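# Reading the structure
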Amino acid sequence: MIDDPGARNKISSFLPSSTSPRRPVFVKGGTVLTMDPHNTILPADVLLVDGRILALAPYMTAPADADIIDAEGCWVLPGFVQTHVHLCQTLWRNLADGLPLMDWLRRWTWPMEAAHDEATIRASTRLGAAELLLSGTTTVNDMGTVRHTEVVIRNALEIGLRGVFSKVLMDLHDGPAALRENPDEALTQALTLAERCRTSDARLRFALAPRFALSSSMHMLERIALAARSTGLLVHTHCAETAEEVRLTTDRFGCGPIDLFEQMGLLGPNLLLAHCVHITPREIERLAEASVSVLHCPTSNLKLGSGIAPVPAMLAAGVRVSLGADGAPCNNNLDAFQEMRTAALVQKALLGPTAMPARTVLRMATIAGATALGLDGEIGSVEKGKRGDLLVLDRRRVHCVPADDPANAIVHSMGRDNVRHVLADGRVVVRDGHLMTADVSEIVREAEDAAERLKRNAKLPKD
Ligand SMILES: [Zn+2]
């Protein structure tokens, strides 16, 4: 992947390696929603050793040195997997309201991304990562900006997330010059980061990420397609989010984005397409035939007025659909519960009450997301041998009892308040609702300061 044979020696880890032995963790007395192929639900303790699920059975005896996690009265399920987020954008949450996508990009998102320095992107990542873990998401597919990707990766890992990360690749657009890169140099940087991810931490993967077809030259898209084919890396991009984007893509390239990606040889299981709101039935069939994954972001699509993705038609055709919050400025939070509920409700309003059953939606937020990212052998369900990414939900709260149907309760009556404990890679990252890996008040203070500085430094349009 890297031409320079000495490059491997220069590759450094994102975090110093830990030499301290890990205590086993024993999750005791819960009811496990495995999300296995049969949706098996069973009362069971879960034993995690060296980050992996070693055993799953009722009434086990905990090892003497285990850290005991009380899951009595709780459901234990896999941590949520959000397949489309932008941690670098968390600092302009609650700004940029009332704008369609292209104005939202030009007036806020591109100027703010261009103004990021290492300290502001660190603050943005830590804020987003803390919110994600506290609301039960343990894995993300994150699209970064053009610079400071290593800062995003380091801080996300440090707080406890697992993820697929990417440096955005864009060379042709009407945004700030600071976001316009030489395509060959940008791709070399991305491939170097990909190699660093591959060799430094098992929780890391890397994707090539053209922001969308419109922000790239034909040359850059061709280079990305070539690199994707030779490396097998995932390709993560936005696609058919708005009608205007499809029209502008057609004006520039002579075809819509899905045709364009097909011409590039990109349609395949490694292609991750965020949104796909404006696609035709024939395009849905082609995505299914090619095993392309669609990353559905319902709240973002509603808030930016982009439309409603035809998810039931995609699922019926066999397209793999997973969920993401997108960036905090178009949502305005990173909460998987909100995405699940919105994904279900918008389709019911359009198609009737049987559309998007809660069980389907819960699978989209867990195992389908893991499968899209090529991580279903490691995460996405609670099964022996998988990594210990677990979410412990308190089901005895006034807003959700009685809770006889777990999927229905989780999608339609629960929320982040129900998150009691979260384990990521076998480590307790949230205990009794408190983040264990960082000081939340410090994260908030740092984010408020950084957001003010970022706004001052960004060249935002005056009107
Ligand atoms: Zn996005």
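Just so you know, these numbers come straight off a predicted model, no measurement behind them. (Residues numbered from 1 in each chain as written. Predicted model: local features only at pLDDT ≥ 70, side-chain atom pairs only at ≥ 80, totals over all residues.)

## Digging into the overall build of the chain
Broken down by element type, the chain carries 16 helices and 18 strands. Its C-alpha radius of gyration of 21 Å places the chain within 12% of the 23 Å reference for a compact globule of 463 residues. Its C-alpha atoms give the chain principal-axis dimensions of about 65 × 55 × 45 Å. In the chain, which comprises 463 residues, the proportion classed as buried is 55%. If you take every contact in the chain between residues at least 6 apart in sequence, the share linking residues at least 24 apart comes to 76%. (Helix = DSSP H or I, 4+ residues; strand = E, 2+ residues; numbered from the N terminus. Rg over C-alpha atoms; globule rule 2.2 N^0.38 Å. Buried ≥ 20, exposed ≤ 12 C-beta atoms within 10 Å, placed from the backbone. Contact = placed C-beta atoms within 7 Å.)

## With respect to the pairing of strand 7 (residues 137–143)
By the criterion of burial, strand 7 is predominantly enclosed, with seven of the seven residues buried. Pairing geometry for strand 6 (residues 80–85) and strand 7, over four bridges, is parallel. Among the inter-strand pairings, Val81 is bridged to a residue of strand 7, identified as Thr139. In the sheet, strand 7 pairs with strand 8 (residues 162–166) via five bridges, with the strands oriented parallel. Bridging from a neighbouring strand, Thr139 pairs with Arg162 of strand 8. On the question of chirality, the crossover connecting strand 7 to the parallel strand 8 by way of helix 4 (residues 149–159) is right-handed. (Pairing = 2+ DSSP bridges. Right-handed = clockwise from strand over helix to strand, strands pointing away.)

## Overview of the environment of Val398
Residue placement: Val398 occurs in the loop between strand 15 (390–394) and helix 15 (406–412). Under the C-beta neighbour-count criterion, Val398 is labelled exposed, with 5 such atoms within 10 Å.

## Considerations on the nonpolar core
Grouped together as the largest cluster of nonpolar side chains are 149 residues, with contacts concentrated most on Val46, Val76, Leu133, Leu169, Val235 and Met340. When residues of this core are assigned to domains, at least three fall in each of domain 1 (25–78 + 379–435) and domain 2 (80–372). Sequence-distant contacts of Val46, defined by excluding residues within four places in its chain, comprise Val27, Val32, Ile53, Leu56, Val76, Val382 and Leu390. (Core = buried A, V, L, I, M, F, W, Y, C linked by C-beta atoms within 7 Å. Domains from an automatic or database assignment.)

## Here's the deal with the pairing of strand 11 (residues 234–239)
For strand 11, the buried fraction is high: six of the six residues fall into the buried class. A two-sided burial pattern is seen for strand 11, the buried positions comprising Leu234, His236 and His238 on one face and Val235, Thr237 and Cys239 on the other. Two strands pair when backbone bridges link them, and strand 10 (residues 204–210) and strand 11 are joined in this way by two bridges, in the parallel orientation. Across the sheet, the residue bridging to Ala207 is Leu234, located in strand 11. The handedness of the strand 10 to strand 11 crossover, carried by helix 6 (residues 218–231), is right-handed.

## Brief notes about the domain arrangement of the chain
Each assigned domain of the chain is listed here: domain 1 (25–78 + 379–435) and domain 2 (80–372). Summarising the inter-unit geometry, the C-alpha centres of domain 1 and domain 2 are found 28 Å apart. Listed as interface residues are 25 residues of domain 1 and, on the opposing side, 28 residues of domain 2. It is helix 15 that provides the largest number of residues to the side of domain 1 that touches domain 2, a total of five residues. Residues that form the side of domain 1 that touches domain 2 fall into these classes: 15 nonpolar, six polar and four charged. (Nonpolar A, V, L, I, M, F, W, Y, C, P; charged D, E, K, R; others polar.)

## A few points about the confidence of the model for the chain
Overall, the prediction assigns the chain a mean pLDDT of 94, with 97% of residues at 70 or greater. Low pLDDT, under 50, characterises residues 1–11; the predicted model gives this stretch 12 contacts beyond four residues in sequence or across chains. (pLDDT = per-residue confidence, 0-100.)

## Some details on the packing of helix 5 (residues 183–200) against helix 6
Where helix 5 contacts helix 6, the two axes come as close as 10 Å, and the packing angle between them is 25°. Taken together, the axes of helix 5 and helix 6 are roughly parallel relative to one another. Helix 5 and helix 6 meet at a crossing whose hand is right-handed. Mapping the contact onto sequence places Pro183, Asp184, Leu187, Leu191 and Ala194 in helix 5 and His219, Met220, Arg223, Ile224, Ala227 and Thr231 in helix 6. (Axes fitted to C-alpha atoms, helices over the stretch in contact; angles between N-to-C directions. Parallel < 35°, antiparallel > 145°, perpendicular 65-115°, else oblique. Left-handed = near helix turned anticlockwise from the far one by under 90°.)

## Some thoughts on helix 2 (residues 101–115)
For helix 2, spanning 15 residues, the distance from its first C-alpha to its last is 20 Å, which sits close to the expected 21 Å at 1.5 Å a residue. The sharpest bend along helix 2 comes to roughly 35°, located at Thr109, with the proline Pro111 sitting one to four residues further on. Taken together, the buried positions of helix 2 are Leu101, Trp104, Leu105, Trp108, Thr109, Trp110, Pro111, Met112 and Glu113. Where the residues of helix 2 are buried, they touch helix 7 (243–253) and helix 16 (440–457). (Expected span 1.5 Å × (residues − 1). Bend = angle between axes of the 7 residues up to and from the residue.)

## Details of the environment of Met314
Here Met314 is to be found in helix 11 (residues 311–317). Residue classification places Met314 among the buried positions, given that 21 C-beta atoms sit within 10 Å. Sequence separation of Met314 and Ala243 is 71 residues, and the distance between their C-alpha atoms is 18 Å. Ignoring any residue separated from it by four or fewer positions in sequence, one finds Met314 in contact with Ile284, Val294, Val319 and Val321.

## Some remarks on unusual backbone geometry
Following Asn331, the chain continues to Asn332 via a peptide bond in cis, the omega torsion being 5°. Here Asn332 is to be found in the loop between strand 14 (320–323) and helix 12 (336–351). Unlike most non-glycine residues, His275 shows phi in positive territory, near 90°. Examined against the element boundaries, His275 turns out to sit in strand 12 (residues 271–275). If you check the backbone angles, Asp432 has positive phi at about 50° while not being a glycine. The topology assignment puts Asp432 in the loop between strand 17 (427–431) and strand 18 (434–435).

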